[in-house]
Amino acid sequence: PLANNHKRSKEESPNNHPPSKNKRNFTSLNCNTPFTLCFVRHGQSTWNRDNRFIGWTDTPLTEDGVLEARIAGQMLQKSGILFDEVHTSLLRRSIRTTNLILMEMGQEYIPVYKNW
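Everything numeric here is computed off the predicted structure, so don't read it as measured data.

### Overview of the confidence of the model for the protein chain
Caution applies to low-pLDDT parts of the model: their predicted coordinates are not meant to be read in detail.
So, step 1. On average, residues of the protein chain score 81 in pLDDT, and 75% of them reach the 70 mark or higher.
So, step 2. When pLDDT is averaged over each helix and strand of the protein chain, the minimum, 49, is found for strand β1 (residues 2-6) and the maximum, 97, for strand β4 (residues 112-114).

This is how it looks when you write it as C-alpha cells:
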C-alpha cells in the first residue's frame, strides 16, 4: 500500500478527529515537501511461505502475513503518522494488508484507491 500524509499542525486532524496524543516518530528526507509518502509491502502470502514466485498470482496472506500487517499498523499508529488516503493494488493480499493496517491505526474511514 502507498499512502499520502499531508503535514498537519498539532491542532489539525483529518475528518475533525481529535489530534493524536502520540509524538511523531517518523522522519522525512525532504522537510520542504507538503506531503509524506509511506510504502508498505504486503504481508507474507502462501506462495511467499512456499518459496514460489508469485508475480500477479492472487494468493492470500498466511497467518504470519496477517500478523505482519497488524504489527505494521501498530508501528505506524505509534509513529503518529496520519494518512489522508491509501493506494493499493487489486490483489487481495495487498487489499487485506491495507485493511489490517488501517484497522490497527483506527483509520478505516480514509479513502482507499485500488488500481493496477
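### Considerations on the pattern of salt bridges
Pairing between side chains of opposite charge can happen when their charged atoms approach one another.
So, step 1. One pass over the structure, following the stated rule, counts three salt bridges.
So, step 2. Taking the shortest distance from any N to any O, the salt bridge between Arg49 and Asp50 comes out at 3.1 Å.
So, step 3. Residue classification places Asp50 among the partly exposed positions, given a relative accessible area of 40%.
So, step 4. Across the pair Arg92 and Asp58 runs a salt bridge, and its minimum N-O distance is 4.0 Å. Placement of Arg92 in helix α3 (residues 92-105) and of Asp58 in the loop between α1 (46-49) and α2 (63-79) is noted, with a sequence separation of 34 residues between them.

### Overview of the nonpolar core
Within soluble globular proteins, side chains that are nonpolar tend to cluster in buried spots.
So, step 1. The biggest cluster of nonpolar side chains holds 10 residues, and these are Cys38, Ala72, Leu76, Ile81, Phe83, Val86, Ile101, Leu102, Met105 and Ile110.
So, step 2. Elements that contribute at least two residues to this core include exactly α2 and α3.
So, step 3. Of the residues forming this core, the biggest block, three residues, is contributed by α3.

### Topic: a nonpolar patch on the surface
So, step 1. Together, Phe35, Leu37 and Phe39 give the surface a local cluster of nonpolar side chains, amounting to about 330 Å² of exposed area.
So, step 2. Topologically, Phe39 is positioned in strand β2 (residues 35-39).
So, step 3. Its relative accessible area of 65% is what places Phe39 among the exposed residues.

### Here we look at the side chain of Gln107
So, step 1. Tracing the backbone shows Gln107 in the loop between α3 and β4.
So, step 2. We classify Gln107 as buried; its relative accessible area is 2%.
So, step 3. Once you skip the residues sitting within four places of it in the chain, Gln107 turns out to touch Ile81, Leu82, Phe83 and Leu102.

Cut-off values and rules
Residues numbered from 1 in each chain as written. Predicted model: local features only at pLDDT ≥ 70, side-chain atom pairs only at ≥ 80, totals over all residues. Heavy atoms only, no water. pLDDT = per-residue confidence, 0-100. Helix = DSSP H or I, 4+ residues; strand = E, 2+ residues; numbered from the N terminus. Salt bridge = Lys/Arg side-chain N within 4 Å of Asp/Glu carboxyl O. Buried < 20%, exposed > 50% of the residue type's maximum accessible area, 1.4 Å probe, protein only. Core = buried A, V, L, I, M, F, W, Y, C linked by side-chain atoms within 4.5 Å. Patch = residues over 30% accessible without salt bridge, like charges linked within 9 Å, V, L, I, M, F, W, Y side chains within 5 Å. Areas by Shrake-Rupley, 256 points an atom, 1.4 Å probe, with all protein chains shown as cover. Contact = heavy atoms within 4.5 Å.

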